[in-house]
Amino acid sequence: MESFELRPHREFNGVPGPVVVVVMDGVGQGRKDEGNAVWLAHTPQLDWFKNHALSCSLVAHGTAVGLPSEADVGNSEVGHNALGAGRVFDQGAKRINAAIRTGELFRGPVWNELLHRVRQSGEPLHFLGLLSDGNVHSHIDHLFALIRQADREAVARVRVHILLDGRDVSETSALSYVDALEKLLHSYRIAGRDYRIASGGGRMTITMDRYEADWAMVERGYRVHVEGEGRRFSTAREAIETYRAEQPGISDQHLPAFVIEAEGEPVGPIRDGASVVCFNFRGDRAIQISRAFEEDSLDAFARGPRRDILYAGMMQYDGDLLIPKRYLVLPPSIDRTTGEFMVHNQIPLFAISETQKYGHVTFFWNGNRSGRFDASYETYVEVPGDNSDFEVRPWMQAAEITDRCIAALESGRYRHLRLNYPNGDMVGHTGDRDAAILAVETVDLCLRRLAKVVHRLGGALLVTADHGNADEMFELDASGDFRTTAAGAAKPKTSHTRNRVPCHIFLPPGAAALRMRASEAGLSSVAATTFHLLGLQPPDEYEASLLVTR
């Protein structure tokens, strides 16, 4: 039987009070320039930590979080996996790259079942997902590999439903991806295939909601992709250019939905007998649309009876709820997470964030696992977010998260607490630098309140981030200069960064010191550090603690 017993630490009895881990989502360490909202913000508490707490920086991108290369930016999913798991697992993109390279993806039963269905029905094979090379939710290369294999296996008809990014990539880069896709599809059309773009829209307008925050987004996407209901255009390029002319300055992620037509009819509604592949590999923004295709009874919106469609995900997005039922590539098997160890050792824990990041301190932290390990030791709190534009309310629900966390601390019930402040990431994605400054200042104010309580209780406060975002609000060119718009202004950046993230450990004086070369560590070292602070020997397989104690 697998053992989850944690032994007392050999050198350290732990801090007497609770151990609190704070994730400042999207708050990295960038250049000290006018594009860095973190550096520009007034942050007296973070400044104090730099001078009085144990401080270093951590790697939060690339291979340090299981992504294919150092060119890959980090993201919240892989960041929280690493924070919770204590070691690094190969993540979605890396696993898919290998499955495509070896051909494993196309030898599996699901791929062959999808192709058999459309050969029997005569309906198209449909691909649905985020069209970019951001490598956070998807990668355009994966889509291209699927299309090329469909041609090799003589699939006569393919339809692609594109979700426009502008969030994990440059905010107005959609046409570069659309043009590349159209070029590929055209090469097959002239060879006799019927391969076309069928529908699309911005990722924050249709289809890609998460945590059931806005089912209306999913419904809009379903109507566009499946029913062919929406404003019609002859090409995706025409749709994008028209919307940009009608709404100057709009980001790709907010572009309205569109349907491609030919001879007065939509070219690609998803009818009974079709096969559909969602080629996103990240789960959080693919779960709800998967449910819309798969659930027999769906009360989230008036979908009507489930269509006779064979649906598959690139990966399984929720292994506990089995969403979707069919998938092309096995997800990483992340086990023995901090939460699982804590409940087996009867350590009461508390996890909290608002809706946008609630799943990150629960589902992703627990190794892509829904639910609880043992509810008698776990308290999870979701603070409902509102649907206001984040740049309008950059403070979001940070104050309520802090209120609830302080109440939990003062209850004396919990030995470990973890929380996520979404502000730096969610506001950073808007591209509004001044709003991002306010977002970081909000988090700093909340940290000041938390630090006082943790200090009074004799506990430890570990403050870090899952990746960068607000630290680089303007796009940089190859020489490191700001890119500019046609009007000469610095071009806003809405995607994550590859910058390192801060790590501050505030604990009773003299209790510990940073180990040598701590700044070479990645996010996965936070888990062992947490157990160390609790006075427990970390699991043998975990990355080393950031601390030395005596």
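Chemist: Got a minute to help me understand the overall build of the protein in this structure?
Modeler: Looking only at helices and strands, one finds 17 helices and 18 strands in the protein. Scaling as 2.2 N^0.38, a compact globule of 550 residues should have a C-alpha radius of gyration of about 24 Å, and the protein matches this with 24 Å. Considering only C-alpha atoms, the protein reaches an extent of 75 × 60 × 40 Å along its principal axes. Counting over 550 residues, the protein shows a buried share of 62%.

Chemist: How do you make sense of the pattern of salt bridges when you look at a structure like this?
Modeler: Where charged atoms of side chains with opposite charge meet at close range, the side chains can pair. Overall, the coordinates contain 39 salt bridges when judged by the stated rule. Put simply, R433 and E34 hold a salt bridge, and the shortest N to O gap is 3.6 Å. Linking R433 in helix α16 (residues 433–456) with E34 in the loop between β1 (19–24) and α1 (37–40), this pair joins segments that are 399 residues apart in sequence. Assessed through its relative accessible area of 43%, E34 is described here as partly exposed. Where D308 meets R117, a salt bridge forms, and the shortest distance between an N and an O atom there is 3.6 Å. With a gap of 191 residues between them, D308 in the loop between α11 (287–294) and β10 (310–315) and R117 in helix α6 (residues 109–121) connect regions that are remote in the sequence. Through salt bridges with shared partners, a single network forms among E77, R210, R282 and D284.

Chemist: What am I meant to see in the packing of helix α8 (residues 174–189) against helix α10 (residues 236–246) here?
Modeler: How two helices sit against one another is set out by the angle between their axes and by the gap between those axes. Across the interface, α8 lies against α10 with an axial gap of 10 Å and an inter-helix angle of 165°. Considered as vectors, α8 and α10 are oriented roughly antiparallel to each other. For the pair α8 and α10, the crossing hand works out as left-handed. Every residue of α10 that contacts α8 at A174, L175, V178, D179 and E182 is listed here: A236, R237, I240, E241 and R244. When grouped by side-chain class, the residues that make up the contact of α8 with α10 number five nonpolar, no polar and five charged.

Chemist: Help me understand the packing of aromatic side chains, please; the structure alone is not making it clear to me.
Modeler: The relative placement of two aromatic rings is captured by the distance of their centres and the angle of their planes. A complete count under the given rule lists 17 aromatic pairs for this structure. On the numbers, 5.4 Å between centres and 75° between planes, the contact of F233 with Y243 is edge-to-face. Of this pair, F233 sits in strand β6 (residues 232–233) while Y243 sits in helix α10; the two residues are 10 residues apart in sequence, bridging distant segments of the chain. Comparing F233 with Y243 shows no difference in burial state: the two are buried.

Chemist: Mind showing me how you'd approach the pairing of strand β15 (residues 460–464) here?
Modeler: Consecutive side chains along a regular strand alternate between the two faces of the sheet. Summarising burial for β15: five of the five residues are buried, a large majority. Side chains A460, L462 and T464 of β15 all project onto a buried face; the interleaved residues L461 and V463 project onto the opposite face, where all are buried too. Examined bridge by bridge, β1 and β15 share five bridges and lie parallel to one another. Bridge assignment links V20 to a residue of β15, and that residue is L461. Two strands pair when backbone bridges link them, and β15 and strand β16 (residues 501–506) are joined in this way by four bridges, in the antiparallel orientation. Looking across to β16, one finds that L461 is bridged to F506.

Chemist: I would appreciate a short explanation of helix α7 (residues 140–152) in the present structure.
Modeler: For an α-helix the count is 3.6 residues per turn, leaving residues at separations of three or four pointing the same way. Under the 1.5 Å per step criterion, the end-to-end length of α7 is 18 Å for 13 residues, consistent within 8% with the ideal 18 Å. Among all positions in α7, only I140, H142, L143, F144, A145, L146, I147, Q149 and A150 are buried. A154, located one to two residues past α7, shows a positive phi value of around 65°.

Chemist: Explain the sheet that holds strand β14 (residues 416–421) here, please?
Modeler: Strands sit in the order β2-β16-β15-β1-β14-β12-β13 across an open sheet of seven strands; the sheet is mixed. Every other strand in the sheet has two partners, leaving β2 (54–58) and β13 (378–383) as the edge strands with one partner each. Strand-to-strand, the axes of this sheet are offset by a mean angle of 15°, without reference to chain direction. The pairing of strand β12 (residues 349–354) with β13 spans six bridges and is classified as parallel.

Chemist: Mind showing me how you'd approach the pairing of strand β4 (residues 157–164) here?
Modeler: Counting buried residues in β4 gives seven out of eight residues, a clear majority hidden from the surface. Across seven bridges, the pairing between strand β3 (residues 125–131) and β4 is parallel. From the neighbouring strand, L130 faces β4, where its bridge partner is L163. Both β4 and strand β5 (residues 194–202) contribute to a ladder of eight bridges, which runs parallel. When the sheet's bridge partners are listed, L164 is paired in β5 with G202. Between the parallel elements β4 and β5, the chain passes through α8 in a crossover that is right-handed.

Chemist: Can you help me understand the packing of helix α3 (residues 76–85) against helix α13 (residues 355–364) in this one?
Modeler: Contact geometry of α3 with α13 gives a least axis separation of 9 Å together with a crossing angle of 35°. Judged by the sense of rotation from one axis to the other, the crossing of α3 with α13 is right-handed. Judged by residue contacts, S76, E77, H80 and N81 of α3 engage K357, H360, V361 and F364 from α13. For the contact of α3 with α13, the per-class residue count stands at two nonpolar, four polar and two charged.

Chemist: Explain α10 here, please?
Modeler: Buried residues of α10: A236, A239, I240 and Y243, and no others. For α10, the angular spread of buried residues about the axis comes to 95°, placing them on one side. Buried residues along α10 sit against β4, α8, β5, β6 and β7 (258–262).

Chemist: It is not clear to me how unusual backbone geometry should be interpreted in this structure. Could you clarify?
Modeler: Excluding glycine, residues mostly carry a negative phi; peptide bonds, for their part, are mostly trans. The residue after I323, namely P324, is reached through a cis peptide bond having omega -10°. Topologically, P324 is positioned in the loop between β10 and β11 (327–329). In this structure, T207 takes a positive phi of about 75° despite not being glycine. Mapping T207 onto the fold places it in the loop between β5 and α9 (215–227). Residue class for T207 comes out buried when judged on its relative accessible area of 1%. Positive phi outside glycine occurs at N368, with the angle close to 65°.

So, how was this worked out
- Residues numbered from 1 in each chain as written.
- Predicted model: local features only at pLDDT ≥ 70, side-chain atom pairs only at ≥ 80, totals over all residues.
- Heavy atoms only, no water.
- Helix = DSSP H or I, 4+ residues; strand = E, 2+ residues; numbered from the N terminus.
- Rg over C-alpha atoms; globule rule 2.2 N^0.38 Å.
- Buried < 20%, exposed > 50% of the residue type's maximum accessible area, 1.4 Å probe, protein only.
- Salt bridge = Lys/Arg side-chain N within 4 Å of Asp/Glu carboxyl O.
- Axes fitted to C-alpha atoms, helices over the stretch in contact; angles between N-to-C directions.
- Parallel < 35°, antiparallel > 145°, perpendicular 65-115°, else oblique.
- Left-handed = near helix turned anticlockwise from the far one by under 90°.
- Contact = heavy atoms within 4.5 Å.
- Nonpolar A, V, L, I, M, F, W, Y, C, P; charged D, E, K, R; others polar.
- Phe/Tyr/Trp six-rings, centres within 6.5 Å; stacked < 30°, edge-to-face > 60°.
- Pairing = 2+ DSSP bridges.
- Expected span 1.5 Å × (residues − 1).
- Right-handed = clockwise from strand over helix to strand, strands pointing away.
- Arc of directions from axis to C-beta.

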